[in-house]
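Given next are the chains, with one letter for each unit.
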Amino acid sequence: MVLFALRQQVLRCSSHCRTWARLPQRQRSGCVYSSIHGFNQGEIKEKLQAFHGGSIDLLKQDSGIAVLTINNPSRMNAFSGSMMVDLEERVSQLENWPEGKGLIVQGAAETFCSGSDLNAVRAISNQQDGMKMCMFMQNSLTRLLRLPLISVALVEGRALGGGAELTTACDFRLMAAGSVIQFVHKHMGLVPGWGGAARLVHLVGSQNALKLLGGAVKVDPELGVNIGLVDGVLEGHQNAEGAAPLLQQAENWLSRYTKGPAPVIQAVKKVVLSGRELPLSEALRTEKDIFGTVWGAPANLEALASKSKHK
Ligand SMILES: CCCC(=O)SCCNC(=O)CCNC(=O)[C@H](O)C(C)(C)COP(=O)(O)OP(=O)(O)OC[C@H]1O[C@@H](n2cnc3c(N)ncnc32)[C@H](O)[C@@H]1OP(=O)(O)O
């Protein structure tokens, strides 16, 4: 049932953009939790809104690459409750962006994100609220990862706790020299709850995931690359002499994958997503359907007419 829903989601968010946009949020979101799991999104949103501070800012650019900024510098970009709600809204905006091809997730003011805001955590430290927050963030980060955009986390400074989990909700991770990703949950008497452990196992394998979580290991760029968590290392810090600004470096890095028409780039992400999440026979059927959305479409006909050679 869940797999069928995912397949439908992958398809719907592909070719039938207008139909997709008309569907109720609940149906088109690809959420993990809904009312059948006893999850009431409106209720937890209202609760989270009470813990304000900071924002999640979205800039959609003509290049088809959007920049999502975690913006709460006075708390090292920790996620307040209202920022969790903001994130869910920004993800909805990105789900409805037909021209979109890529996404960069960064932190403001030279650091990535220090996880959930400990003031909010203290206020909702009871079991029930904790579970609701966990489900809310899992839904948002799952939808982020399932966007039909190629996404990259640009890690500068520290990505701690929930911030480390957020990096795993992107397709790729780039680290600036001197940066650290650290799943500090164990030191907080916790384990990841925003889906970070499940995604980490997929990214680096269970042995490495156990080491990173069990040892709350500080992952620097070199270790990150060695274990396959990190896809590239960027030169210097923002404004370092001689180096391009980090965001520019990340855009350059990403542009090799986002070059081309949006429907084709989105289809690329969708076939990989279905291969990643569905059993083989389901993934093959989904791939066939996604193939159907690009076969004979303008980009395909244009390429055929130009008799292009791939030398
Ligand atoms: C399922 C989710 C699990 C989680 O995410 S649990 C949260 C995990 N994160 C943490 O425990 C981070 C705790 N903070 C730290 O370790 C340090 O503040 C950190 C990030 C290494 C930065 O250290 P420093 O450079 O020395 O700066 P600092 O400590 O003076 O911090 C500057 C101001 O930012 C605040 N801050 C940093 N991280 C925060 C957070 N997560 N929640 C709330 N406030 C946070 C910190 O309290 C300080 O504020 P103030 O200037 O004292 O008012």
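Above this note sits the structure.
Nothing here was measured: the structure is a model prediction, and the numbers come from that model.

A. Structural detail: the overall build of the chain. A count of helical and extended segments in the chain gives 14 helices and nine strands. Buried residues in the chain amount to 48% of all 311 residues. Considering only residue pairs separated by 6 or more positions, the chain has 72% of its internal contacts joining residues 24 or more positions apart. As presented, the chain carries roughly 15,000 Å² of accessible surface, and 57% of it is formed by carbon and sulfur atoms.

B. Broad picture of the sheet that holds strand β5 (residues 158-160). The strand order across the open sheet built from three strands is β5-β7-β8, with neighbouring strands paired in mixed fashion. Bordering the open sheet on either side are β5 and β8 (218-219), each of which pairs with just one other strand. In this structure, strand β7 (residues 180-182) lies alongside β8, joined through two bridges in antiparallel fashion. Its bridge partner being in β8, Ile-181 is matched across the sheet by Val-219.

C. Spotlight on the site of the ligand. Near the ligand lie 18 residues; those nearest to it are Ser-74, Ser-114, Ser-116, Leu-118 and Gly-162. Within the contact set of the ligand, a nitrogen atom lies 2.8 Å away from a backbone nitrogen or oxygen of Ser-114. Considered on its own, the ligand offers 960 Å² of accessible surface; in the complex 59% of this is hidden by protein. If you list the elements that add at least two residues to the shell around the ligand, you get β5 and α8 (162-167). Among the residues forming the shell around the ligand, the class breakdown is seven nonpolar, seven polar and four charged.

D. Spatial organisation of the pairing of strand β6 (residues 172-176). Summarising burial for β6: four of the five residues are buried, a large majority. Relative to β6, strand β4 (residues 150-155) is paired through four bridges, and the arrangement is parallel. Within β6, the position partnered with Ala-153 by the bridge is Arg-173. Taken together, the three bridges between β6 and strand β9 (residues 232-234) define a ladder with parallel strand orientation.

E. Fine view of the side chain of Ser-140. On the secondary structure map, Ser-140 appears in helix α7 (residues 127-145). For Ser-140, a relative accessible area of 1% puts it in the buried group. Ser-140 has contacts with Leu-87, Glu-88 and Val-91, leaving out every residue within four places of it along the chain.

F. Inspection of the sheet that holds strand β2 (residues 65-71) at higher detail. Reading across from one edge, β1-β2-β3-β4-β6-β9 is the order of the six strands in this open sheet, with mixed pairing throughout. The open sheet has two edge strands with one neighbour each: β1 (55-60) and β9. Strand-to-strand twist across the sheet, computed as the mean angle between neighbouring axes with direction ignored, equals 20°. Across the sheet, helix α11 (residues 246-258) touches β2, β3 (102-107), β4, β6 and β9, and the angle it forms with β3 is around 155°.

G. Examining helix α5 (residues 81-95) more closely. Given a rise of 1.5 Å per residue, 15 residues ought to cover 21 Å, and the 22 Å separating the end C-alpha atoms of α5 matches this to within 8%. Here α5 lies mainly inside the structure; 13 of its 15 residues are buried.

Reading the values: the criteria
Residues numbered from 1 in each chain as written. Predicted model: local features only at pLDDT ≥ 70, side-chain atom pairs only at ≥ 80, totals over all residues. Heavy atoms only, no water. Helix = DSSP H or I, 4+ residues; strand = E, 2+ residues; numbered from the N terminus. Buried < 20%, exposed > 50% of the residue type's maximum accessible area, 1.4 Å probe, protein only. Contact = heavy atoms within 4.5 Å. Areas by Shrake-Rupley, 256 points an atom, 1.4 Å probe, with all protein chains shown as cover. Pairing = 2+ DSSP bridges. Near = heavy atom within 4 Å. Polar contact = N/O pair within 3.5 Å; in protein donor to acceptor, adjacent residues only side chain to side chain. Nonpolar A, V, L, I, M, F, W, Y, C, P; charged D, E, K, R; others polar. Axes fitted to C-alpha atoms, helices over the stretch in contact; angles between N-to-C directions. Expected span 1.5 Å × (residues − 1).

Just geometry here; none of it tells us what the structure is for.
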